[in-house]
Amino acid sequence: MTDWERVRRLMGDDSLSRLGRAHVAVIGLGSGGGFVALSLAMSGVGRFTLVDMEDLEAVNLTRHVADSRYLGWNKAKVMADLIRHRNSDAQIRIIADDITKHPDALEGVDLVVVGVDGEGTKYKINDLCLARNLTAVYAGVYARGEGGDTCVIHPYDGPCYACWAAELREGLGDQPGEELDYGLIQENGTLKGEPALWIHVTRVASAQADLALNELLKGARPDFPANTLVMANAPLEIVSGQTTPAHSGVWVNIARDPHCMVCGDRLRMADQAMSLDDLADMMFSAPPEQDEDSAARRLEDE
Ligand SMILES: [Zn+2]
């Protein structure tokens, strides 16, 4: 049995009980998602649906909470095992597959943590969450780990992920499921940012886990100032003309786009919101122009 006494004294009975009853789905259990899942379990979250179709490979070991003892295991099973060794009371459901093949797995879930890298996959998860009115916490790490962002998406109350990405991403930049290039994959790599990659990934993941905890404990903790935190691991120009120093961040509130192709009012009222496949076809054939006036911009390619 996990001994929660010290946590209970700090947090109080009510908050710890709330977390113990909370059911969080973590989709994508790589370096970021695995760290978030473990962190939430160590904070007292009691119920998990863990989703990942991939196995842990040798190349993952330098940036994953699991070590070589888990090589060849499915990542959802890896994380279930690690969580049970931290929180023996945790109830865990494992989906060792693509979430889009198991949308019913999200029934009864209180919050979704999105740990996948591919923007296309994030759009699909956005669709699943909107259909079920599920709040989701997303995160992204920029090239070489120089920075990253995390945001909370409440369906139809603020932006959906598509509205959000239209402001802070260049739309669907990669194919669904494609792995993000952290800048390590070029032939000779580049030293800028790399030695601290694991630290920088988990720093963003740590903020993502904190946003998730705040959602689960709404009312018991002060609200964060905006729906998005953009973090600088190295000095970054997050707001145009200003350099944000390393190890600091900027809170940005992204608004819902009433004309959004996924959650827009007109489409919603007509009950004919664009299907995901239609959206993906459109986005891939004609990437949207980047809004140069947006408060924060894509930082990967300087
Ligand atoms: Zn939207």
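Everything numeric here is computed off the predicted structure, so don't read it as measured data.

A. View of the nonpolar core. In this structure, Val112 and Ile125 are the most contacted members of the largest nonpolar core, which totals 39 residues. Breaking this core down by element, the ones donating at least two residues are strand S1 (23-27), strand S4 (111-114), helix H5 (119-132), strand S5 (136-141), strand S6 (147-153), helix H6 (161-168), strand S7 (228-232) and strand S8 (248-252). Element by element, the count of residues in this core is highest for H6, at six residues. Not counting residues up to four positions away in its chain, the partners in contact with Val112 are Ala25, Ile27, Leu106, Ile125, Cys129, Leu134, Thr135, Ala136 and Val137. If you look at the next biggest cluster of nonpolar residues, it comprises 35 residues, including Leu29, Leu56, Ala209 and Leu213.

B. Spatial organisation of the coordination of the zinc ion. Looking at the zinc ion, one finds its protein donor set to be Cys160 (SG), Cys163 (SG), Cys260 (SG) and Cys263 (SG), positioned 2.2 to 2.3 Å from the metal centre. Between the four donor atoms coordinating the zinc ion, the angles at the centre fall across 98 to 120°, so the site counts as tetrahedral.

C. Here's a closer look at the pattern of salt bridges. Following the criterion strictly, the structure yields twelve salt bridges and no others. In this structure, the salt-bridge partner of Arg132 is Glu107, at a minimum N-O distance of 3.2 Å. Taken together, the residues Arg132 in helix H5 and Glu107 in the loop between strand S3 (91-95) and S4 connect sequence positions 25 residues apart. Several salt bridges converge on common partners, so that one network encompasses Glu119, Lys122, Asp149 and Arg169.

D. Molecular detail of helix H4 (residues 75-86). Taking 1.5 Å of rise per residue, the twelve residues of H4 would be expected to cover 16 Å, and the 17 Å separating its terminal C-alpha atoms lies within 8% of that figure. Listed as buried for H4 are Lys75, Ala76, Val78, Met79, Ala80, Leu82 and Ile83. Turning to H4, the residues buried within the fold contact helix H3 (31-43), strand S2 (47-51) and S3. Two to three positions downstream of the cap, the backbone nitrogen of Ala76 sits 2.8 Å from a side-chain oxygen, assigning the N-cap of H4 to Asn74.

E. Here's a closer look at unusual backbone geometry. Although it is not a glycine, Arg144 adopts a positive phi angle of roughly 60°. With respect to the helices and strands, Arg144 occurs in the loop between S5 and S6. The exposure class assigned to Arg144 is buried, which follows from its relative accessible area of 18%. Despite not being glycine, His247 has its phi angle at roughly 65°, a positive value. Locating His247 in the fold gives a position in the loop between S7 and S8.

F. Representation of the packing of H3 against H4 in the model. The N-to-C vectors of H3 and H4 enclose an angle of 25°; their axes lie 9 Å apart at closest approach. Here H3 lies roughly parallel to H4, going by the angle between them. Helix-helix and strand crossings are classified by hand; for H3 and H4 the assignment is right-handed. Contacts from Gly34, Ala37, Leu38, Ala41 and Met42 of H3 reach H4 at Met79, Leu82, Ile83 and Arg86. Class assignment of the residues belonging to the contact of H3 with H4 gives a composition of seven nonpolar, one polar and one charged.

G. Representation of the packing of aromatic side chains within the structure. One pass over the structure, following the stated rule, counts six aromatic pairs. An angle of 25° between the planes, with centres 5.4 Å apart, marks the rings of Tyr161 and Trp164 as stacked. Taken as a pair, Tyr161 and Trp164 lie in helix H6 at a separation of three residues, close to a single helical turn. Here the aromatic residues Tyr123, Tyr138, Tyr161 and Trp164 are joined through ring pairs into a cluster of three or more.

H. Region of interest: the sheet that holds S2. One open sheet accounts for eight strands, arranged S3-S2-S1-S4-S5-S6-S7-S8; its pairing is mixed. Each of the sheet's edge strands pairs with one partner strand only, and the pair in question is S3 and S8. Put simply, the sheet's adjacent strands are angled 15° from each other on average, direction ignored. Bridge count between S5 and S6: six bridges; the pairing is antiparallel.

Calculation notes
Residues numbered from 1 in each chain as written. Predicted model: local features only at pLDDT ≥ 70, side-chain atom pairs only at ≥ 80, totals over all residues. Heavy atoms only, no water. Core = buried A, V, L, I, M, F, W, Y, C linked by side-chain atoms within 4.5 Å. Buried < 20%, exposed > 50% of the residue type's maximum accessible area, 1.4 Å probe, protein only. Helix = DSSP H or I, 4+ residues; strand = E, 2+ residues; numbered from the N terminus. Contact = heavy atoms within 4.5 Å. Donors = N, O, S within 2.8 Å, 3.2 Å for Na, K, Ca; no water. Tetrahedral: all angles 85-135°; square planar, octahedral: opposite > 155°, others 65-115°. Salt bridge = Lys/Arg side-chain N within 4 Å of Asp/Glu carboxyl O. Expected span 1.5 Å × (residues − 1). Polar contact = N/O pair within 3.5 Å; in protein donor to acceptor, adjacent residues only side chain to side chain. Axes fitted to C-alpha atoms, helices over the stretch in contact; angles between N-to-C directions. Parallel < 35°, antiparallel > 145°, perpendicular 65-115°, else oblique. Left-handed = near helix turned anticlockwise from the far one by under 90°. Nonpolar A, V, L, I, M, F, W, Y, C, P; charged D, E, K, R; others polar. Phe/Tyr/Trp six-rings, centres within 6.5 Å; stacked < 30°, edge-to-face > 60°. Pairing = 2+ DSSP bridges.

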